[in-house]
Amino acid sequence: MAEHAVELAGVTKKFGDDFTAVDGLDLVIEDGEFFSLLGPSGCGKTTTLRMIAGFEYPTSGSLKIHGKEMGLKPPNERPVNTVFQSYALFPHMTVSENIAFGLQMQKVDKNEIGERVKRVLDQVQLSKRADAKPKQLSGGMQQRVALARALVNEPQVLLLDEPLGALDLKLRQTMQVELKELQNRVGITFVYVTHDQEEALTMSDRIGVMSDGKLLQVGKSEDIYEHPNSRFVADFIGDINLIPVSVVAQDRVKLAGGQEFPVATGALSSGEATLTLRPERLSLYDLDEPIPDGYNRLKVRISRRVYYGDVYYYGVEGGTGELVEVKEENRPSVELYELDEEAYLAWHPDAASLVVE
Amino acid sequence: MAEHAVELAGVTKKFGDDFTAVDGLDLVIEDGEFFSLLGPSGCGKTTTLRMIAGFEYPTSGSLKIHGKEMGLKPPNERPVNTVFQSYALFPHMTVSENIAFGLQMQKVDKNEIGERVKRVLDQVQLSKRADAKPKQLSGGMQQRVALARALVNEPQVLLLDEPLGALDLKLRQTMQVELKELQNRVGITFVYVTHDQEEALTMSDRIGVMSDGKLLQVGKSEDIYEHPNSRFVADFIGDINLIPVSVVAQDRVKLAGGQEFPVATGALSSGEATLTLRPERLSLYDLDEPIPDGYNRLKVRISRRVYYGDVYYYGVEGGTGELVEVKEENRPSVELYELDEEAYLAWHPDAASLVVE
Amino acid sequence: GDSGSENPTTVAGGAPPPADGGEACAPDTVDGDLNFYNWSEYIDPELISAFETEYGVDVVEDFYDSNEAMLAQLQAGAVYDLIVPSDYMVGIMIEEGLLTPLQADALPNWGNLDEQFVDPAYDPTGEYSVAYQWGTTGLGVNLSVVGEDFEPSWSLVFDPELTSGFEGGVSLLNDPRETMGAALKYLGYSLNSTSEAELQEAADVIAAAKVNVTAFDSDQYDENLVNGETAVGHGYSGNFFTAFADTDDPDNWAYVIPEEGGTIWIDNMVIPVVSEHPCTAHAFINFLLDAENGAALTNYNYYASPNAAAEPFILEEVLTDETIYPSDELMEKLEIIADTGEFEIQYNDFYQLARS
Amino acid sequence: MAKKEAQAANVATAELEAAAERANSRRGFRISLPAYVYLIIFFVIPLLLVFVYSFASRSSTGLTVLEGWNLESYKRLFTPIVGQILLRSLFLALTTTMICLVVCYPFAYYIATRGVSFRNVLLVMVMIPFWSNFLVRTYSWKFILGSDGLVSQVSQFFGGGEVRLLFTNTAVLIGMVYGFMPFMVLPLYAALERMDWSLVDAARDLYANGWTAFRKVTFPLSMPGVVAGSILVFIPSIGAYVTPAILGGATTTLIGDYIVSQFLTARNWPFGSALSISIMVLMLGATLIYFRSGARNV
Amino acid sequence: MSENRAPRGPIDRLLAANAWLVYLFFYLPIGLLIVFSFNENENVSIWTGFSFKWYEAMLQDDRILGALRNSLIVAFVSTIVATVLGTMLALALERYRFRGRGTLDGIAYMPVIIPDVTMGVMLLIFFFQAIGLMDSWFGIGFNTGLGTITLAHIAFNISFVAIVVRARLAQFDSSLEEAAADLYASRWQTFRQITLPLIAPGVAGGALLALTLSLDDVVVTQFVSGPGSTTLPVYVFGLVRRGVTPLINAVSTVMLVASMVLVGISLGLQRTRSGGGDDLEEDVLASSGATVRQ
Ligand SMILES: Nc1ncnc2c1ncn2[C@@H]1O[C@H](COP(=O)(O)OP(=O)(O)OP(=O)(O)O)[C@@H](O)[C@H]1O
Ligand SMILES: Nc1ncnc2c1ncn2[C@@H]1O[C@H](COP(=O)(O)OP(=O)(O)OP(=O)(O)O)[C@@H](O)[C@H]1O
Ligand SMILES: [Mg+2]
Ligand SMILES: [Mg+2]
C-alpha cells in the first residue's frame, strides 16, 4: 500500500520536567520492512517502542500508524503487538492460554482460536509444552511463547524489544534465523530494538542508530557499516580503528607520524578529522612481499596478538600514534606474525572513510 | 612452586539423592594459569566453583588447594576469593567499605588497608566513586567493584563466575582485555567460569569444557578449537559444519552424496563418523576459477547469504545432504555470489577432522 | 499435663493450707504494706491515703471487674492481703478453704456492724467475712420518656407492649444470674430457683422482651441511660446515683426497686490464707469499720453501709432514700444471690439461649 | 596415582557432605533452641493443660476437678446452641471480611500505585490510628454513632431526622471493619506493590480494555494478597466480641463471649477449654487452607 | 518497567476519592478521641470548653502513673526478649534444616491464631500448676505479677516477631553471607556485619509490633496479673466500666503520641540503616498486628 507503516514526526518524550528520554524523533518505517533501533543502554529505544505501542504518550510530536494519527488511542485499539524486553508472560496462564489471550479479547470464535494457537505453537516448536506454565519453561522457550503470543494476532506492525537479549550465543543465532525467515514469510512490519550491533546488521533491512534520545543515522545495514556518518556510529557498530588525521586536500590526509595518504574524495579540504578503518579491511604483508597496487602501505611493528578461534587480532604500532587493530583470517596456509616482528600494513583507499566531530 | 594450585580428584556433587550436578571430576589447575570452565547453562560450572570456594562440600572425592586437602574447611579459611556471578556486593556499605571488608576481617592494619584499597580502586578506575553505594553504580562498575573486592586480598587462587555475563558487548570486550592484562601482571591463578566460548578462547591458557556435570575435554584454546574430541565440543565451540560421513579407509571418507575425500589419517578405518568443518576454513570459487592443488572440491549451489558487517555467511547445498555454512571475508576486491549461483566449495584436508559419537 | 495429678482434688489445692489462725494480731498493729484487691472506683482515695498516713504503710491497689476473674487469679497463686468478694463468692471461697478466719480481738470495731449482716447465709459462722457495703439491683428510669407515674415493676423491661413505647428501648445486665434472676422475680419465683422449668419460663420472658432490648450491658448501662440511648436500664443502685448526679438535671431520672423484688447483694472484706500481711489487713478492716470511715465509703459511692454506727455521719438524702435503704416490706422481697452449684451452668445456658 | 589418591580421598570424604549437613543441622537447632524451649514451656505445655482440662469435670462450686475424666464437654459442643452461636460468629466474620475486601482492594491499589516515598507516608497513615487504646477507639465510635452523635447531628444539620446507628448491626459491622481493615490493606498492598505492571501492559497490548485487563491479570495475580488478607481478618473476627458488645449491645451471643462466659460466669472450665480447643482447630484449618492457596497462587 | 504506574483518568480519581474516604473513616474516631481529651466537661460526648485539666488529673493520679509504669516495664522487657528470641527463631527456620524444624514451624504460628481468652486461661492454669509444683517440690514460692505478665507477653510476641523477621529474611540474598565468608569473616562476624544490618528493618518492625501488642493487651494480662501489676490498658478497662471520662481520652492520647514517636524513631533508625524505602512495608505490615489480638 501507499501509506507508511509507522510515521513519527518530531516526537519527544520527557520524564519529569527536565529529563528527555526521546528527543524530536523523525522516523518513517515502510510497510513490511524489518527495521532495527540500535543504541546503547538507556538511549531511548524502549521508550520509543512504548510510544508506538501506546503505553506512553509523546510529550509532543505526531505519531501515525498506517496513516492514522494515534493521538491518545489506548494500546488495545492499535493494530500493533509487542514482544516485551522481559517477555511479560502471564504467570497464571498456560502457554496456550497466554497465546489465546489476544484472540479471545478480539472475540474470535473458539474453534478458530484453537486452530490458530495450534499453528503458531508449531511454528515456534512448542506444541509439546502447550499446557506448561511459563515458570516451567527455559528462557529460550519463554521468549518463543512471547513471540507466538504476539504473532498469533497477525498484527500489521510487530514491535520487538530485545527479544533475544536473554538467550545464549547458540540459541540466539538459531532464533535470529527463525525470526528473519518468519518475517519474510508473513511479511508484516517488524520494529526491532536491540543493543547488539551484530544482531541488527544481520537481520535488518534498515537500521536507526540512537544515542541520548536522538536518532543519529538511518540507513541500510551496509551503509551504516561501511559509511558511518559520525564517530559515535562508527565506533558503536563493530570494531574499528579511529585514527586522528589532518586533512591536507580533498583526497589526502596526514597522520600524526607525518605520512600522507589518499582517501576517497570527501567533503572537507582541511582541518582535523578522524580516519575510520575496519580491522578486517587491513592486511599485513611481510616486508619482502608484493603489495597489490593502489593500496596504501605503512610500516608497523606487531605489539599484540589475540587468538579468536577463527581469526587472529593483531595490535600494531606505526606512525599513527596509537595501536591499530588488524584482523587476519586463521588459515593453515597463512603463517603467523610474531611479536615485535615488522611488517607492512596495507589497505585500499575505499576502505577508509573520514568522519568529523 | 611444584604443587598444583587446585586439584580435584573424582569430585562428585549430588543434590538430593538422584540429581548429580557434578560427576566424578578429575582436574588439575596449575599455579598462575588462567583456566576457564566452559559449558552450557546448568552443566555444573558454578557448582564446581562453589566447591572449590567451600560453599558446598563434595558428596565424594578429594579437593586440594596448593597441596592441602580442604576437607571441611569453611570458606573463610581457604586461600581463595570469589567474584560472584551476581556480584553480591554489600548494599549497606560504600564501594571502599566493600573492598576493605576482607582486609578488616584479616585484621590488616588501618593504614595498610587504606593504601591497598586506594591502589586497587585505581586499578579498576573507580577512585572517583569510592564513597558511592553499590545501588548508585552501573552494572559495569558494580562488576569492577566485585573484582576489586576479591583482588585486594591477593588470594592464591581467584574464582570468577561469569564476571562479565551482565555487560554489553563493548564494555565486555574492554573488561576482557583488562582482566587478562591484570592476571599477567599479578600472576595469580584464575579459575574462570563462562558460557561464552569466544570469551574463553580469547582469555584462557587452558579450557575445560563441561556438559551435564562431566568434563569432556581439557586443553589449550587452540587444541580445543582445532581438534575437538567430540561432536558436542566441536559444536559448542564456534560455528561448525557437522557432516555425516562413512569411513572407507584410514584416510578417506564418503559423503551421503557418494563423493569420496581424503582426510587427515584418523583412528578408525570404517563405520559412520562426523566430519567437522569450520565455515572460515571453507572457501568458494567460481566454476572457472583455479583451485589450489591438494584442496578438496565440491560443486554446490548458493542457497542463503547473510550479511555480518565484516563477513558474509553463505549457506550452500551440495552432495552433503544438509546445508553447509561458508564464511567469506567481506572485501571490496571479492565479488559476491548470488542466490542459486553454482560454485566450487574447497578446503584443505587438514581443516577437516573426524569425530565419532 | 501430669502436673494436674499433683493435687487430685481441686484446683484450689494450689494454695498452702491455712496456718490455723496464723500468728495473732494485736489491734491497730501492721505487718507491712497492704495488697488490696478491690472493684475499681469502689473506695474513696482519700480514705486510702488517710490509712496510709495513719499507719505508715502503703496500700497497693489492684482492681478486678468480676468475682470469677478474681477467684481465678487467687487460685493461680495471686497473693493479696484483702479482697472484697460478693456474697455467693464468699461462700465458694470458704468452701474452697481460700479464706482465713478473722481474729475478733484484732477488730474492736466489729461491733459497729448492723446485726442483720453479722452471720449471713453465705458465711454461717460469720468468722470469715465482714460486710463492706451492700446494695440492690433495680431499674434506672428516664422519666421524660417513661413518664412520672409508672408501675415500679420488672414489666418496665420485660413487658414488650409497655417497652415498645419507650424510645431507645431498655437495657439489661449482661449477667446470667442477675438478668435470669430478674425474670424469675418478674414471674414470682425465687431468683435462686433450681427448677429447669422455671428457668425455661424466665428464658422465654427474656427472649420475648428482647425485641425492645437495645443492649445487654453490665458496664455502660448508666451512661447509656443518661445519654438517652436507653429509656430504662437494669443495673446496680450506686452506679445509677453517681451517673444521675453527674447530669445537668438529676431529677429527670429515677432509680426504682421493682415491687416484685430483686436482688440484694453484699460485698465483704475477707483475708485469704495466702495473705502475707494479715495484721495490716485486720487493721484496714477495723479502720473501715470505724463509724466515720464507714460513712465516708457510702457518701463516696452511694451504696448502703452495713455499718450501724456510721449512720449519723451519712448524708441525710442518702439515708432517707428509699431506694438506697429500702423499706422493710420491700426488704422482705429482696434476695441474695446464692451459688447454685452445677445449676450455674443451666443459668448461663438458658441466659445465652434467651439472648441468642 | 591421582586415581589412587582419589580412591583414598573417596573413603576419607565420603561422609564430608553428610558431616557438613550434620554440623549445619546442629547449628540450626542450637540457634532455635531458646525460642523453642520458651515456646514449649510457655505455650505448648499450657495448651496441653487446657487440653487436659477439657476432659476434666466441674465441681459443684464451679472449680475444675482433675478426675472423673470424661467427654461431656465435647459432647456439649454438638448441642444446637453452640452450632447456632458458631454459625452467627462465622457469618459476622464473613461479612466483615467481605466488606473489608471490597473497601480495601481499591484502597491498597491506590497506595500501591503511588510513588515510593508518598506510598510510605500513606502506609504509616494507615497504621497511626491503631497506636491508640483499642477500647477508647471503640468508645469514640459510640459517640459518633449515638443518637446525638456526630452522624446524627450532621444528618439533622442537613435537615435529616435523628439517626441512631448505635446498637444496630450496622454499628457492629462499622466497628469490626474499622478494627480489622489494616489486616486487609497491608497484605493486599504487599501483593499489588510486587505486581509486575508490564503484564497489564501486555494485556492491554493484546486488545484487553482496562476492566478486562484488571479482571484477567491484575486480580488473579493479587490473589495471594487477597487470601492472606481475608484470613487475617476472618480468623480474629471469629473470636471478636468486645466490639459487638460495645457497639451492638451484645443482643446476641457470639462464640467469643460464649467462651468467656464459660470461664468467667458459669465457671465451667472444662467446657470452655473444649470450646477453645475446637475453635483453634477450626482456625488452624483455615490457616492451612490459606497457606495452600497462597502457595498455589504465588 | 518495574516502577509503578497509576491507571489514568477517571478511574484514578475514583480510587483517590475512595482512598481519602477510607482515611476519613480511619481518623474520625481518633480525631474525636483527641479533641474530647481537652473537653473540660465530665461527659465525653458533649463539648463545653477547652482545658488541660484531664492531663493534669492524669499526672496527679498515681494509680494511672503506676499502671503506666507497669505497662512500660512489661512492654520493654517483653519486647527486648521476644525480639532476640524471635529473630533467632526466624533465622533458624529460614536458614537451616534440622530435626524438629517442621514442628517448630507449626508451633511458631499458633500463638497468632489462638483466641485471647484461651491464651489467658491456659497461661493462668499453667502458672497455677507451676506455682504449685515449685512450691511443693522446691519450696520456691513465687507469685503472679509483673513477672508472669512479662512471661506471657513474650510468649505471644515471639511468634509475631519471628513472622515479620522471617518475611524480611526470605527476601535476603544469602549469597551476601557467602561473600562475607569468602572474605574471611567468621560466622559471627558475618551475622553482625552483614545479616543483621540488612534485616534490621524487619527486626525493628517485629520489635515495634511486639511493643504495640504488649501495650494494648488486656485479656491475657488480666488473667496472669497479680498484686501491684495492673497495667495501663487493664486500668483503662476498669475506668471505662465506671464511665468514660475525658481522663481516659487523655491517657490514650498520650499512648497514641508515645507510639507515634516510637514509630518515628524506628523508621528514622532504619532509614539510616539501609536506604531502601520499601523497607517500611515490613514495619508497617508488622505493626498492623497491633490490632490482631482484639
Ligand atoms: N518511567 C520512567 N520514568 C523516568 N525515566 C524513565 C522512565 N522510563 C525510562 N526512563 C529513562 O529514559 C531513558 C531511556 O530509557 P529506555 O528504557 O528507553 O532505554 P533503552 O534504550 O530501552 O535502554 P535498554 O537498552 O537498557 O533497554 C533511560 O535513561 C531511563 O532511565
Ligand atoms: N542448591 C541446589 N539444589 C538443587 N539443584 C541445584 C542446586 N544448585 C544447582 N543445582 C543444579 O545443578 C545444576 C548445575 O548448576 P550450576 O549452577 O552449577 O550450573 P552452571 O553451569 O553454573 O549454569 P549457569 O551457566 O547457568 O550458571 C543445575 O541443573 C542446577 O539446577
Ligand atoms: Mg529497553
Ligand atoms: Mg552459574
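Quick caveat: nothing in here was measured; it's all calculated off a predicted structure.

Chemist: Would you mind going over the overall build of chain D in detail, with residue names and values included?
Modeler: Looking only at helices and strands, chain D has 13 helices and two strands in total. Its C-alpha atoms give chain D a radius of gyration of 27 Å, more than 25% over the compact-globule value 19 Å for 298 residues. Buried residues in chain D amount to 61% of all 298 residues. Counting only contacts in chain D whose residues sit at least 6 apart along the sequence, the fraction spanning at least 24 positions is 65%. In chain D, 22 positive and 13 negative side-chain charges are present, and the distance between their average locations comes to 4 Å.

Chemist: So what about the pairing of strand 7 (residues 157–161) of chain B? Which residues, and what values?
Modeler: All names here are of chain B. Counting buried positions along strand 7 gives five out of five residues, so the element sits mostly inside the fold. Burial of the side chains of strand 7 extends over both faces: Val157, Leu159 and Asp161 are buried on one face and Leu158 and Leu160 on the other. Here strand 6 (residues 80–83) pairs with strand 7 via four bridges, running parallel. Bridge pairing in strand 7 places Val83 opposite Leu160.

Chemist: Provide a residue-level description of the packing of helix 4 (residues 80–112) of chain D against helix 1 (residues 9–36) of chain E, including the pertinent values.
Modeler: At a minimum axis distance of 9 Å, the contact between helix 4 of chain D and helix 1 of chain E shows a crossing angle of 110°. The orientation of helix 4 of chain D with respect to helix 1 of chain E, classified from their angle, is roughly perpendicular. In the crossing of helix 4 of chain D with helix 1 of chain E, the sense of the turn from one axis to the other is left-handed. Where helix 4 of chain D approaches helix 1 of chain E, its residues Val103, Pro106, Phe107, Tyr109, Tyr110 and Ile111 of chain D are matched on the opposing element by Asp12, Leu15, Ala16, Asn18, Ala19, Trp20, Val22, Tyr23 and Phe26 of chain E.

Chemist: Could you give an account of the interface of chain D and chain C, with specific residues and numbers?
Modeler: Listed per partner, the contact involves 42 residues of chain D and 43 residues of chain C. Between the two partners, chain D and chain C, sit five salt bridges. Notably, a salt bridge pairs Asp339 of chain C with Arg267 of chain D, separated by 3.7 Å at the nearest N-O pair. In this assembly, chain D and chain C are joined by 15 residue pairs in polar contact (both at pLDDT 80 or more). Sorting the residues of the side of chain D that touches chain C by element identifies helix 2 (16–53), strand 2 (64–65), helix 4, helix 6 (134–145) and helix 12 (255–264) of chain D as the ones contributing at least two each. At five residues, the largest contribution of residues to the side of chain D that touches chain C is made by helix 12 of chain D. Residue composition of the side of chain D that touches chain C, grouped by class: 17 nonpolar, 16 polar and nine charged.

Chemist: Before we move on, can you summarise the interface of chain E and chain D with the specific residues and values?
Modeler: Quite often, the size of an interface is put as the accessible area lost when its parts meet. Between chain E and chain D, the residue contacts involve 95 residues of the former and 85 residues of the latter. At the boundary of chain E with chain D, total buried surface from both sides reaches about 8,600 Å², with 78% on carbon and sulfur atoms. Counting every contact that joins chain E to chain D gives one salt bridge. Across the salt bridge formed by Asp12 of chain E and Arg114 of chain D, the nearest N and O atoms sit 3.0 Å from each other. Across the chain E-chain D interface, the total number found is 10 residue pairs in polar contact (both at pLDDT 80 or more). Here the side of chain E that touches chain D is composed, by residue class, of 66 nonpolar, 19 polar and 10 charged.

Chemist: An account of unusual backbone geometry is needed here, citing residue identities and associated values.
Modeler: Note: most peptide bonds trans; most residues except glycine with negative phi. With a phi angle near 55°, Ala88 of chain B is a residue other than glycine that sits in the positive phi range. When its relative accessible area of 5% is taken as the criterion, Ala88 of chain B is described as buried. Positive phi, normally seen in glycine, also occurs at Tyr302 of chain C, with a value near 60°. Among the secondary structure elements, Tyr302 of chain C is positioned in the loop between helix 12 (291–301) and helix 13 (316–320).

Chemist: Can you explain the pattern of salt bridges? Please cite residues and give values.
Modeler: Applying the stated criterion across every chain yields a total of 37 salt bridges over all chains. Across the salt bridge formed by Glu56 of chain A and Lys13 of chain A, the nearest N and O atoms sit 3.7 Å from each other. One end of the pair, Glu56 of chain A, is in the loop between helix 1 (45–53) and strand 4 (60–65); the other, Lys13 of chain A, is in strand 1 (residues 6–15), and 43 residues separate them in sequence. Lys13 of chain A carries the same exposure label as Glu56 of chain A, and that label is buried. One salt-bridge network, held together by shared partners, links Lys13, Arg50 and Glu56 of chain A together with Asp201 of chain D.

Chemist: Pulling in residues and values, what's your account of the site of ligand 2?
Modeler: All names here are of chain B. If you check the shell around ligand 2, you find 13 residues, and the closest are Ser41, Gly42, Lys45, Thr46 and Thr47. One of the backbone N or O atoms of Gly44 is found 3.0 Å from an oxygen atom in ligand 2. Separating an oxygen atom of ligand 2 from a side-chain N or O atom of Thr47 is a distance of 2.7 Å. Protein contact buries 61% of the 630 Å² of open area that ligand 2 shows by itself.

Chemist: So what about the nonpolar core? Which residues, and what values?
Modeler: Phe90 and Phe101 of chain B, Phe43 of chain D together with Leu89, Met119 and Ile194 of chain E are the most contacted members of the largest nonpolar core, which has 129 residues in total. If you tally residues by element for this core, the top one is helix 6 (residues 146–170) of chain E, at 12 residues. Residues contacting Ile194 of chain E, with those up to four places away along its chain left out, are Phe90, His92, Met93 and Phe101 of chain B together with Phe172, Leu176, Ala180 and Gln189 of chain E. By size, the runner-up hydrophobic cluster in this structure holds 127 residues, among which are Leu159 of chain A together with Val126, Leu192 and Leu206 of chain D.

Chemist: Could you give an account of the packing of helix 6 of chain D against helix 1 of chain E, with specific residues and numbers?
Modeler: Running from N to C, helix 6 of chain D and helix 1 of chain E cross one another at 95°; their axes reach a closest spacing of 9 Å. Judged on the interaxial angle alone, helix 1 of chain E and helix 6 of chain D are roughly perpendicular. Packed against helix 6 of chain D, whose contacting residues are Val136, Arg137, Ser140, Trp141, Phe143 and Ile144 of chain D, the element helix 1 of chain E presents Phe25, Leu28, Pro29, Ile30, Leu32 and Leu33 of chain E at the interface. In terms of residue class, the contact of helix 6 of chain D with helix 1 of chain E is built from 10 nonpolar, one polar and one charged.

Chemist: Please give an account of the state of the cysteines that cites residues and values.
Modeler: All names here are of chain C. One pass over the structure, following the stated rule, counts one disulfide over all chains. Across a sulfur-sulfur distance of 1.9 Å, Cys25 and Cys279 are joined as a disulfide pair. The sign of the S-S torsion, about -80°, decides the handedness of the disulfide formed by Cys25 and Cys279: left-handed. With Cys25 in the segment before strand 1 (34–39) and Cys279 in helix 11 (residues 278–289), this residue pair connects regions lying 254 residues apart in the sequence. In terms of burial, Cys25 and Cys279 fall into one category: buried.

Chemist: Please give an account of the environment of Val121 of chain D that cites residues and values.
Modeler: Note on placement: Val121 of chain D falls in helix 5 (residues 116–127). For the pair Val121 of chain D and Ile111 of chain D, spaced 10 residues apart in the sequence, the C-alpha separation amounts to 9.5 Å.

Chemist: Account for the site of ligand 1, naming residues and giving values.
Modeler: Taken together, 14 residues sit near ligand 1, with Ser41, Gly42, Lys45, Thr46 and Thr47 of chain A positioned nearest. Near ligand 1, the surrounding residues belong to chains A and E. In the environment of ligand 1, an oxygen atom lies 3.1 Å from a nitrogen or oxygen atom belonging to the side chain of Glu162 of chain A. Taking 620 Å² as the accessible area of ligand 1 by itself, protein coverage stands at 71%. When contributions to the shell around ligand 1 are tallied by element, the ones reaching two or more residues are strand 2 (19–29) and helix 1 of chain A.

Chemist: Now, about the arrangement of the chains: what can you tell me, with residues and values included?
Modeler: In this assembly eight pairs of chains touch, with chains D and E having more contacts than any other pair. Chain A shows no contact with chain C. Their nearest C-alpha atoms sit 45 Å apart. Between chain B and chain C there is no contact, and the shortest C-alpha to C-alpha distance separating them is 40 Å.

Chemist: Hey, could you go over the sheet that holds strand 20 (residues 353–355) of chain B for me, with residue numbers and the actual values?
Modeler: Residue and element names in this part refer to chain B. Ordered in space as 13-12-11-14-20, the five strands form an open sheet in which the pairing is antiparallel. The open sheet has two edge strands, strand 13 (260–262) and strand 20, and neither has a second partner. Each neighbouring strand pair of the sheet contributes to a mean axis angle of 45°, computed without reference to strand direction. In the sheet, strand 14 (residues 271–277) pairs with strand 20 via three bridges, with the strands oriented antiparallel. Bridged to Thr274 within strand 20 is Val355.

Chemist: Account for a positive patch on the surface, naming residues and giving values.
Modeler: A surface patch of positive charge is lined by Lys107 and Lys110 of chain A together with Arg215 and Lys216 of chain D. Inspection of the secondary structure assignment puts Lys107 of chain A in the loop between helix 2 (95–105) and helix 3 (110–123).

Chemist: Outline empty space enclosed by the protein, listing residues and values.
Modeler: Summed over the entire model, instances satisfying the criterion amount to 17 cavities of 30 Å³ or more. Estimates place the volume of the largest cavity at around 160 Å³. Surrounding the largest cavity, 19 residues form its lining, Tyr37, Phe63 and Gln73 of chain C together with Gln222 and Ser225 of chain E being those nearest its centre. Of all elements in the fold, only strand 2 (59–64) and helix 2 (67–75) of chain C together with helix 9 (219–224) of chain E reach the threshold of two or more residues within the lining of the largest cavity. A class-by-class count of the residues in the lining of the largest cavity yields nine nonpolar, eight polar and two charged.

Parameters at a glance
Residues numbered from 1 in each chain as written. Chains lettered and ligands numbered in written order. Predicted model: local features only at pLDDT ≥ 70, side-chain atom pairs only at ≥ 80, totals over all residues. Heavy atoms only, no water. Helix = DSSP H or I, 4+ residues; strand = E, 2+ residues; numbered from the N terminus. Rg over C-alpha atoms; globule rule 2.2 N^0.38 Å. Buried < 20%, exposed > 50% of the residue type's maximum accessible area, 1.4 Å probe, protein only. Contact = heavy atoms within 4.5 Å. Lys, Arg positive; Asp, Glu negative; His and termini not counted. Charge placed at Lys NZ, Arg CZ, Asp CG, Glu CD. Pairing = 2+ DSSP bridges. Axes fitted to C-alpha atoms, helices over the stretch in contact; angles between N-to-C directions. Parallel < 35°, antiparallel > 145°, perpendicular 65-115°, else oblique. Left-handed = near helix turned anticlockwise from the far one by under 90°. Salt bridge = Lys/Arg side-chain N within 4 Å of Asp/Glu carboxyl O. Polar contact = N/O pair within 3.5 Å; in protein donor to acceptor, adjacent residues only side chain to side chain. Nonpolar A, V, L, I, M, F, W, Y, C, P; charged D, E, K, R; others polar. Buried area = accessible area lost by both parts, 1.4 Å probe. Near = heavy atom within 4 Å. Areas by Shrake-Rupley, 256 points an atom, 1.4 Å probe, with all protein chains shown as cover. Core = buried A, V, L, I, M, F, W, Y, C linked by side-chain atoms within 4.5 Å. Disulfide = S-S within 2.5 Å. Patch = residues over 30% accessible without salt bridge, like charges linked within 9 Å, V, L, I, M, F, W, Y side chains within 5 Å. 1 Å grid on protein atoms, 1.4 Å probe; cavity = no way out; pocket = protein on both sides within 12 Å on 5 of 7 lines; lining within 4 Å. Points joined across faces, edges and corners; volume = space filled by probe spheres on them.

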